[in-house]
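# Observations on the model geometry
For reference, the chains in residue letters:
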Amino acid sequence: MTVKKESGLPFAFHVHSTEKGRTLGNGSTTVSNIELHAAKAADLIVTVSYAMKDELVGLGFPRDKIQVSYNGVDPEKYNPRTVTAEKIKKIEACMTSKTMKK
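Residues numbered from 1 in each chain as written. Predicted model: local features only at pLDDT ≥ 70, side-chain atom pairs only at ≥ 80, totals over all residues. Heavy atoms only, no water.

## Points about helix α3 (residues 29–41)
The end-to-end C-alpha distance of α3 is 18 Å, a good match for the 18 Å that 13 residues give at a rise of 1.5 Å each. Residues of α3 that are buried include every one of Ser32, Glu35, Ala38 and Ala39, and no others. Buried residues in α3, looked at end-on, bunch into an arc of 125°, giving them a common side. Turned more than 90 degrees away from the buried face of α3 sit Thr29, Thr30, His37 and Lys40, all of them exposed. Residues of α3 that are buried sit in contact with β1 (12–15), α2 (19–22) and β2 (44–47). (Helix = DSSP H or I, 4+ residues; strand = E, 2+ residues; numbered from the N terminus. Expected span 1.5 Å × (residues − 1). Buried < 20%, exposed > 50% of the residue type's maximum accessible area, 1.4 Å probe, protein only. Arc of directions from axis to C-beta. Contact = heavy atoms within 4.5 Å.)

Written out as structure tokens, the structure is:
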């Protein structure tokens, strides 16, 4: 916000989550106020889903400034078919040993 004020450059505010969302409504009022102040000062607000956009609007963020841009994911990196049976066994063994320690 200071850079925008001093330079006159546009300010884009990216919001992946909010203090209220991260803490189930029990977070810092100061952080929530900073987020809202930044949203009002921003020229553009970018968020990751329409559900998040609805949450932001519900918190008082200006609807007309909010644009949705989905997170990019490499589908091959997270393709479950690329995981070997050996790797699955190692993960299962690790999870079983952690469960047994509880």
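Text resumes after the structure shown.
## Observations concerning the side chain of Glu19
Examined against the element boundaries, Glu19 turns out to sit in helix α2. Classification of Glu19 as buried rests on a relative accessible area of 12%. Within the structure, the side chain of Glu19 is placed 3.1 Å from the side chain of Arg22, a separation counted as a polar contact. For Glu19, the contacting residues outside a window of four places in its chain are Gly27, Ser28, Val31, Ser32 and Glu35. (Polar contact = N/O pair within 3.5 Å; in protein donor to acceptor, adjacent residues only side chain to side chain.)

## Structural notes on the packing of aromatic side chains
Summed over all chains, the structure comprises two aromatic pairs. Each ring, one from Phe11 and one from Phe13, has its centre 6.1 Å from the other, and the planes form 35°; the classification is tilted. Note on Phe11: relative accessible area 17%, which makes it buried. (Phe/Tyr/Trp six-rings, centres within 6.5 Å; stacked < 30°, edge-to-face > 60°.)

## Here we look at the pattern of salt bridges
Under the counting rule described, the total for this entry stands at four salt bridges. Here Arg22 and Glu35 are joined by a salt bridge, their closest N and O atoms 2.9 Å apart. Here the residue Arg22 occupies a position in helix α2, and Glu35 occupies one in helix α3, the gap between them amounting to 13 residues. For Glu35, a relative accessible area of 12% translates into the label buried. If you follow the salt bridges from partner to partner, you end up with Glu19, Arg22 and Glu35 in one network. (Salt bridge = Lys/Arg side-chain N within 4 Å of Asp/Glu carboxyl O.)

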